[in-house]
Amino acid sequence: KIPRSEATKGQTPDQYGQLHPVETPELLSQKLKEFEEEVQKLDDKKLGPLQQAQEKCPALLTKEFKLMFLRCEVFNADLAACRYAHYWEKRVEV
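Residues numbered from 1 in each chain as written. Predicted model: local features only at pLDDT ≥ 70, side-chain atom pairs only at ≥ 80, totals over all residues. Heavy atoms only, no water.

Visitor: Help me out: how do you make sense of the pattern of salt bridges in this one?
Guide: Pairing is possible between side chains that carry opposite charge, provided their charged atoms lie close to one another. All told, the structure shown has six salt bridges when counted by the stated rule. The partner of Glu36 in a salt bridge is Lys66, and the shortest N-O contact between them spans 2.5 Å. Here Glu36 is found in helix H1 (residues 25–41), whereas its partner Lys66 is found in helix H3 (residues 63–72), with 30 residues between them in sequence. With a relative accessible area of 14%, Lys66 lands in the buried category. (Salt bridge = Lys/Arg side-chain N within 4 Å of Asp/Glu carboxyl O. Helix = DSSP H or I, 4+ residues; strand = E, 2+ residues; numbered from the N terminus. Buried < 20%, exposed > 50% of the residue type's maximum accessible area, 1.4 Å probe, protein only.)

Visitor: Explanation requested: the nonpolar core in the structure shown.
Guide: Soluble globular proteins: nonpolar side chains tend toward being buried together. Phe35, Val39, Leu70, Tyr84 and Trp88 are the most contacted members of the largest nonpolar core, which totals 22 residues. Looking at which element gives the most residues to this core, the answer is helix H4 (residues 77–93), with six residues. The contacts of Val39, once residues within four sequence positions are left out, are Leu47, Leu50, Ala81 and Tyr84. (Core = buried A, V, L, I, M, F, W, Y, C linked by side-chain atoms within 4.5 Å. Contact = heavy atoms within 4.5 Å.)

Visitor: What is the right way to read the packing of aromatic side chains from this model?
Guide: Centre distance and the angle of the planes are the two values used to describe a pair of aromatic rings. Summed over all chains, the structure comprises eight aromatic pairs. For the ring pair Phe35 and Tyr84, a centre distance of 5.0 Å and an interplane angle of 70° mean the geometry is edge-to-face. Of this pair, Phe35 sits in helix H1 while Tyr84 sits in helix H4, placing them 49 residues apart in sequence. Each of the two residues, Phe35 as well as Tyr84, counts as buried. (Phe/Tyr/Trp six-rings, centres within 6.5 Å; stacked < 30°, edge-to-face > 60°.)

Visitor: What am I meant to see in unusual backbone geometry here?
Guide: Most peptide bonds adopt trans geometry, and most residues besides glycine take a negative phi value. If you check the backbone angles, Val74 has positive phi at about 50° while not being a glycine. Among the secondary structure elements, Val74 is positioned in the loop between H3 and H4.

Visitor: Can you help me understand the environment of Glu36 in this one?
Guide: Owing to a relative accessible area of 30%, Glu36 belongs among the partly exposed residues under this scheme. C-alpha separation for the pair Glu36 and Lys56, spaced 20 residues apart in sequence, amounts to 19 Å. Separated by 2.5 Å, the side chains of Glu36 and Lys66 make a polar contact. (Polar contact = N/O pair within 3.5 Å; in protein donor to acceptor, adjacent residues only side chain to side chain.)

Okay, here's the thing in C-alpha cells:
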C-alpha cells in the first residue's frame, strides 16, 4: 500500500507506483513541525533512546537527518516519527 499524506493529495502514482511530493520550503517547514509534534506524542519507552541521542550526539539530530525519515514515509509525520524512534531504539541496542 502506498503511504498517502496531504503532501501527495491529488497525485497519481508514477509508473513504479510511487508518489513524489513537490518539496517546497513551506511543505518542509510544516512537515518538520508536525514531525516534532508527533515525536513528542510518543510514549516514554520509545522516547528513552531518542533522549539518549539528544544528550550524547545532538549533532546527528539535524533537520536534514529528520527529513530522511519524513521522505521515507512520504511526509506522513506520524509514521516518520515512529520510524525515527525505532531507528534510535535499534541504534542504542548496538
